[in-house]
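In case you want the letters, here they are:
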Amino acid sequence: MFLVSGNKEIIDYISVYETQYTAKKPETTAPFPSECPDTLDQYTGIWSKDQVAHLLRRTTYGSTIDDIRKAAMISMDQLIDILLEERPLPAEPINYYYDGDPAVPIGSTWVDRPYVRDNNELRVSRRRSLAGWTIGNLLNGGMHIREKLTLFWSNHFVTQGSVVRDPNFIYYNNNLLRAGALGNFRTLVERVTVNPAMLRYLNGNQNTRNSPNENYARELMELFTIGKGTLAAPGDYTTFTEQDVTEGAKILTGWIDTGFYYRDNQPAGSRFIANRHDRSTKQLSHRFNNAVVTNQNSSEYKFLIDIILQQDEVARFICRKLYRWFVYYDITDEVESLIIEPMAKIFRDNDYEVRPVLRALLSSRHFYNICSVGPMIKNPIDFIINHFVQFEIPVPEGIIESYQIWSRLSAVFEGFGMVYYEPPDVAGWKAYYQEPLYYRTWITAATLPLRQAFTNIMISGQAKIRDIILTMDPLNMIAQLDNPYSPDALIEELASYIYPVSLTPAQVAFLKEVLIPGLPDFEWTVEYNLHLSNPEDEATRRSVDAKLRVLLTTMLAMPEYYLS
Amino acid sequence: MKRRKFIRDASGFISVPFFIRGLPMTAMGSHHLRQAIDEDNDKILVIIQMNGGNDGLNTIIPLDKYDILGNVRSNILIPESEVLNVSDNMGLHPSMSGLMSLYDDAQMTVVQDVGYPNQNRSHFRSIDIWTSGSPAELVWTTGWLGRYLEGLYPDYPIDYPNDEYPDPFALSIGSIVSETCQGTLVNYSLAISDPLSITPLSNEGQGSTPDTPYGRELEFLRTTIDQANAYGTVISAAAEMGSSSIEYGDSKLARQLQAIALLISGGLGTKIYIANIGGFDTHANQVEQGTTSTGIHAALLKDLSDAVYAFHEDLTSQGLEERVLTMTFSEFGRRIRSNGSNGTDHGTAAPMMFFGSCVSGGIIGDSPTLPDDPGVSDGVPMQYDFRSVYGSVLQDWFDIDVSVINAIFNAPYTYIPIVNRCNQTTPTDNIPSISGIEAYNFPNPFERLTTVAIASKGGPIRISLFNGMGHEIDIILDRTIASGELEIRYDGSHLVPGNYFCRVISNYGVKVFGMIKV
């Protein structure tokens, strides 16, 4: 027998619950120092290595001490010019080991080259090469925003490598995002919509007149452009409705991908097939001013994108995502009105050009404000790649050898919960949308040990790939400091390059105990000078080097190092 | 026989204004809840999240609707001869032979057509709804189990673990904590990927934390490290103590369930475990062209079935089966009609499955109500609200008082007898008789006016009209009525032609039937 449990007022409850409550946001958390959140106005305060390091941490995959010092010698505007400048695309990925590929000798690119039927080794070799190429791009991104922005777009216009499969398709998709990363958002949406990897991933290639597939139309609105608002009525999400999904799917019909695994001897591409296209007149909802779309064949999708991009909400939605990628996850009401709204206006005023809006954000008072410095938990890709770049881990010169290292490195990321090309689903990594944890989703009892193990192994010199020891040179690193002679100054200065916020005196004292346990300060000075005066003396070098490695292992195991 | 114990003192509990900041229960006095739990309850709940939206109609197959299914999903329909019949009108997907044997031993219960009013077909929003236990219209950022745990242990994680509570409250197997266990500020679940290899973490050199966002995140990191260390010790100890001698296979789910079995066997006091199996978003190639009992969906169901069967065998061989209830959920079912890509698109309700030696055993609810000619967007209409399922599990499995459960969902729920006395032997094909209520409409199909006729035992009744998308679009009747027969005229002239579903909910049961507007 069924029983309505508890009180019997089911009728009352239902009516109360339906009339009284509407979707509400939890109140924002405790207020922070009064100067937060500040404004999007140009930052005019102190411009020193601390501000430079903050800007570079957020926009690049790592900077050496030398990089930061040099960057601090130019103005903020000049540095941002460099970060946003035009750049040539990286060289195409190459076959770096497989000698059974009839079309591609070792050292040549496999992009748009034929596959051999049933040759799985060949496919594996291209997948590995793509994985290596991707890591190489991250490591060699230099003092430029593009690689971070490419990953941002790849986490925005999500495809999953495990679904798309053909490395050639994945390569084209990724390079499309890279080439357009700093360009025009409208252009990017247009290109992504008919990109072969996307056509496969969200079933656009199966979206036909007779059998419409709504998958891409839905995500185009919900995730890629305007976002989903609160439920205003059944099927009406404030920003768009179910009708728009259904009609939008019809507008997008007719496209197929071509050249999947070089099928029919064709390169990766897409094609419009008129008789798969729904030529009827489509009617969007009042959310798009009841727009009517008549048949425009292969250019119809652009028309739909234009209709969506006429809505002001698109710029807000994209700017919130940029904000969460480059600044912080917590978009309070103040941040919404003082930062997001003005960003969105810049975005719209510049017809969706990405550069102006990024320039405004990265040169704003808000960006350098105390509340914006340090609270971002580095994602695993940032955490690992940064280590290699920041600590100048030497990698071999030759391109083949480099690929060998890069592709092996690409296997490290899985346990950390972030593999390039493999976000968990079409919404991307949870860290950038899932309330209330956001960035904190990276940190669990499962991933924390990996972070500590990674830095321990890297610094101790146990990380080895193909007989190459991947480790930093601490003596070379501290030689770049202003004052490596005094232990306090050494630790404080190192900390200023490693952490976003300076350590407390007690923490410095703790680390000094790690460096020179139970010894007076001058002993460090003596030992270090001994090494400097006899650089050829291996025993002295080793003892100082070992001390520094212990110090660095401890420093990188501190959670301050996980923050940016 | 009945394990339920009643709350000792819940006075004043429900009058607490528990809806603060949009988050239920944050202001609740913890002592009330403490008294509401049974400290001797040693039950364990294992949740299997099936990510992507499982096609219920190809999982628990309604053989009495085979003609309709044959008309609208012939390209993915499992041949009738291959379906594993569990009753006259229900069958399991042929990949699920392990579950078939659990069903035959009354170790499996299916609740038909679980969903919520105003179905949201976005994966992420619908997962949020299922994990938070919120109505579709509200955004709650806490999880349903998180609110329960927060009521009991409001200070967590400060001073946890401790002598009284040395074990983690919930464990998520993998690298991500479970949203079902999200509290207001902290998640009550711990994520571990391998209980046999947990190494202590360094957390030295702590300083004070500034009152900034940076300080806030740093504090979170330090607390997580401390906790991982403290709980890591007990988890490792349990894993070493535990045993597991059954062959599980090597699917990801099998490995997760085996890790859970090991920890339960080793005596870990954790009450809630969460495992995950992904890939159910089968828009395309759900089945192999031509051989519909194979393909992506078949492989997933086989992984599920094999892993759950091994898990159950493992627990039974160690005498632990009466302590463990396993349940599945997925963010939505899929549409009645298949698409042209041998797949199915996002739909509405779907069955939930429960396993263990204490389930009632059998099928709860009617065979899904399908229109004779389903529209392109039509999903399976809901019979049972998912919060009623959650509430009934909390009530019967964890002995939680009804008023506490009502507070967790900020609403009453309908009791569903999912858990029963342990170790039954015969499954029941239709567990709670729905004789308490009968309903239909005439004429049907209708043009403008139609009459809904119900026969009931009276009491509060709500009759509402759902469209094929699962939205509750009209309320036909919503009041207390006398027992007996009642006819209500309904003017549907404002409706666009198509398929609708009428859902009647009362104290004596739920009834869903189709209505066609022409």
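Just so we're clear, the structure is a prediction, and the values are computed from it rather than from any experiment.

**As for the overall build of chain B**
No. 1: Assigned secondary structure in chain B consists of 10 helices and 21 strands.
No. 2: Here chain B, with 518 residues, has 57% of them falling under the buried criterion.
No. 3: For chain B, the share of sequence-separated contacts (at least 6 apart) that also reach a separation of at least 24 residues comes to 73%.

**What about the overall build of chain A?**
No. 1: In terms of helices and strands, chain A carries 25 helices and six strands.
No. 2: Here the C-alpha radius of gyration of chain A, 27 Å, is about what a compact globule of 564 residues would show, namely 24 Å.
No. 3: In chain A, buried positions account for 48% of the 564 residues.
No. 4: The contacts in chain A between residues at least 6 apart in sequence include a share of 69% that link residues at least 24 apart.

**Describing the interface of chain B and chain A**
No. 1: Listed by partner, the interface residues are 71 residues for chain B and 75 residues for chain A.
No. 2: The dominant element in the side of chain B that touches chain A, judged by the number of residues it contributes, is helix α6 (residues 213–241) of chain B, at 13 residues.
No. 3: When the residues that make up the side of chain B that touches chain A are grouped by side-chain class, the tally is 31 nonpolar, 28 polar and 12 charged.

**A few points about the nonpolar core**
No. 1: In this structure, M343 of chain A together with I260 and V389 of chain B are the most contacted members of the largest nonpolar core, which totals 296 residues.
No. 2: If you tally residues by element for this core, the top one is α6 of chain B, at 11 residues.
No. 3: If near-sequence neighbours (up to four positions away) are discounted, I260 of chain B is found in contact with V46, I173, Y273 and A275 of chain B.

**What to know about the sheet that holds strand β20 (residues 498–506) of chain B**
Residues and elements named next belong to chain B.
No. 1: What the four strands build is an open sheet, ordered β18-β17-β20-β21; its pairing is antiparallel. Each edge of the open sheet is held by one strand with a lone partner, namely β18 (472–481) and β21 (509–517). Averaged over all adjacent pairs, the angle separating strand axes in this sheet is 15 degrees, with direction ignored.
No. 2: Sheet topology note: the strand β17 (residues 459–467)/β18 ladder contains eight bridges and is antiparallel. Bridging from a neighbouring strand, I463 pairs with L477 of β18.

**Here we look at helix α5 (residues 144–152) of chain B**
Side chains of residues three or four places apart in an α-helix project in the same direction, reflecting 3.6 residues per turn.
No. 1: For α5 of chain B, the buried fraction is high: eight of the nine residues fall into the buried class.
No. 2: Buried residues of α5 of chain B: W144, L145, G146, R147, Y148, L149, E150 and G151 of chain B, and no others.

**Observations concerning helix α10 (residues 402–409) of chain B**
Residue and element names in this part refer to chain B.
No. 1: Within α10, seven of the eight residues are buried, which leaves it mostly tucked inside the rest of the structure.
No. 2: Along α10, the residues classified as buried are V402, V404, I405, N406, A407, I408 and F409.
No. 3: Immediately beyond the C-terminal end of α10, within one or two residues, lies N410, with a positive phi of roughly 50 degrees.

**Focus: unusual backbone geometry**
Residue and element names in this part refer to chain B.
No. 1: Note the cis peptide between Y156 and P157, where omega equals 10 degrees.
No. 2: Along the chain, P157 turns up in the loop between α5 and β8 (170–173).
No. 3: For the peptide bond that leads from F442 to P443, omega is -10 degrees, which places it in the cis range.
No. 4: Topologically, P443 is positioned in the loop between β15 (437–442) and β16 (449–456).

**With respect to the packing of helix α23 (residues 505–515) of chain A against helix α25 (residues 538–557) of chain A**
Residue and element names in this part refer to chain A.
No. 1: Interhelical geometry of α23 versus α25 gives an angle of 145 degrees and a closest axis separation of 8 Å. When the axes of α23 and α25 are compared, the crossing they make is right-handed. Residues L511, V514 and L515 of α23 pack against K547, V550, L551, T554 and M555 of α25.
No. 2: Partitioned by chemical class, the residues of the contact of α23 with α25 number six nonpolar, one polar and one charged.

**Let's talk about the domain arrangement of chain A**
As a measure of interface size, the accessible area lost when the parts come together is often cited.
Residue and element names in this part refer to chain A.
No. 1: Segmentation of chain A into domains returns domain 1 (78–328), domain 2 (380–469) and domain 3 (477–562).
No. 2: Centre-to-centre, using C-alpha coordinates, domain 1 lies 25 Å away from domain 2.
No. 3: Looking at the side of domain 1 that touches domain 2, the elements that each hand over two or more residues are α5 (120–139), α6 (146–156), α7 (161–164), α11 (215–225) and α14 (313–326).
No. 4: Here the side of domain 1 that touches domain 2 takes nine residues from α5, the largest share from any one element.
No. 5: In the side of domain 1 that touches domain 2, the residues fall into 11 nonpolar, 10 polar and three charged.

**Re the environment of V518 of chain B**
Residues and elements named next belong to chain B.
No. 1: Among the structural elements, V518 can be located in the segment after β21.
No. 2: For the pair V518 and A254, spaced 264 residues apart in sequence, the C-alpha to C-alpha distance is 49 Å.
No. 3: Among all residues touching V518, those that are not within four sequence positions of it are P445, E447 and P497.

**Looking at the sheet that holds β16 of chain B**
Residues and elements named next belong to chain B.
No. 1: The strand order β15-β16-β19 describes an open sheet built from three strands, whose pairing is antiparallel. Strand pairing shows two members of the sheet lacking a second neighbour, β15 and β19 (484–491), which therefore form its edges. Recorded for the sheet is a direction-independent mean angle of 15 degrees between the axes of neighbouring strands.
No. 2: With eight bridges connecting them, β16 and β19 associate as antiparallel partners. Its bridge partner lying in β19, A453 is registered against E487.

**What to know about the environment of S202 of chain B**
No. 1: Along the chain, S202 of chain B turns up in the loop between β9 (189–192) and α6.
No. 2: The residues contacting S202 of chain B, other than those within four sequence positions of it, are Q452 and A557 of chain A.

**A closer look at the domain arrangement of chain B**
All names here are of chain B.
No. 1: When its domains are assigned, chain B resolves into domain 1 (19–363 + 382–398) and domain 2 (437–517).
No. 2: Averaged C-alpha coordinates put domain 1 and domain 2 at centres separated by 33 Å.
No. 3: With eight residues of domain 1 at the contact, the number on the domain 2 side is six residues.
No. 4: For the side of domain 1 that touches domain 2, the class distribution of residues is three nonpolar, five polar and no charged.

**Section: the environment of W325 of chain A**
All names here are of chain A.
No. 1: Tracing the backbone through its elements, the reader meets W325 in helix α14.
No. 2: The sequence separation of W325 and N155 amounts to 170 residues, and the corresponding C-alpha distance is 9.9 Å.
No. 3: Beyond its immediate chain neighbours, meaning those up to four positions away, W325 contacts F152 and Y432.

Conventions used here
- Residue indices follow the written sequence of each chain, beginning from 1 at its first position.
- A letter from A marks each chain and a number from 1 marks each ligand, given out in the order of writing.
- Under the rules for a predicted model, residues below a pLDDT of 70 receive no local features and side-chain atom pairs below 80 are neither given nor counted, while totals for whole chains, interfaces and linings still include all residues.
- Numbering of helices and strands starts at the N terminus; helices are DSSP runs of H or I of at least 4 residues and strands are runs of E of at least 2.
- Residue burial is a threshold on neighbouring C-beta atoms within 10 Å of the residue's own C-beta, all placed from the backbone, with 20 or more meaning buried, 12 or fewer meaning exposed, and counts in between meaning partly exposed.
- Note that contacts rest on C-beta atoms placed from the backbone: two residues are in contact if these are within 7 Å.
- In this setup the radius of gyration rests on C-alpha atoms only. A globule is expected at 2.2 Å times the number of residues raised to 0.38.
- Only Asp, Glu, Lys and Arg are considered charged in this grouping, and only Ala, Val, Leu, Ile, Met, Phe, Trp, Tyr, Cys and Pro are considered nonpolar; every other residue, Gly among them, is considered polar.
- Note on definitions: a nonpolar core is a set of buried residues drawn from Ala, Val, Leu, Ile, Met, Phe, Trp, Tyr and Cys, linked by C-beta atoms within 7 Å.
- By the convention used here, strands pair only if DSSP detects at least 2 bridges between them.
- Lines are fitted to the C-alpha atoms to define the axes, a helix being fitted only along its stretch in contact, and any angle between axes, read from their N-to-C directions, falls within 0 to 180 degrees.
- Crossings are sorted by hand: turned counterclockwise from the far helix by less than a right angle, the near helix makes the crossing left-handed, and turned clockwise it makes it right-handed.
- Those domain boundaries reflect an automatic or database domain assignment.

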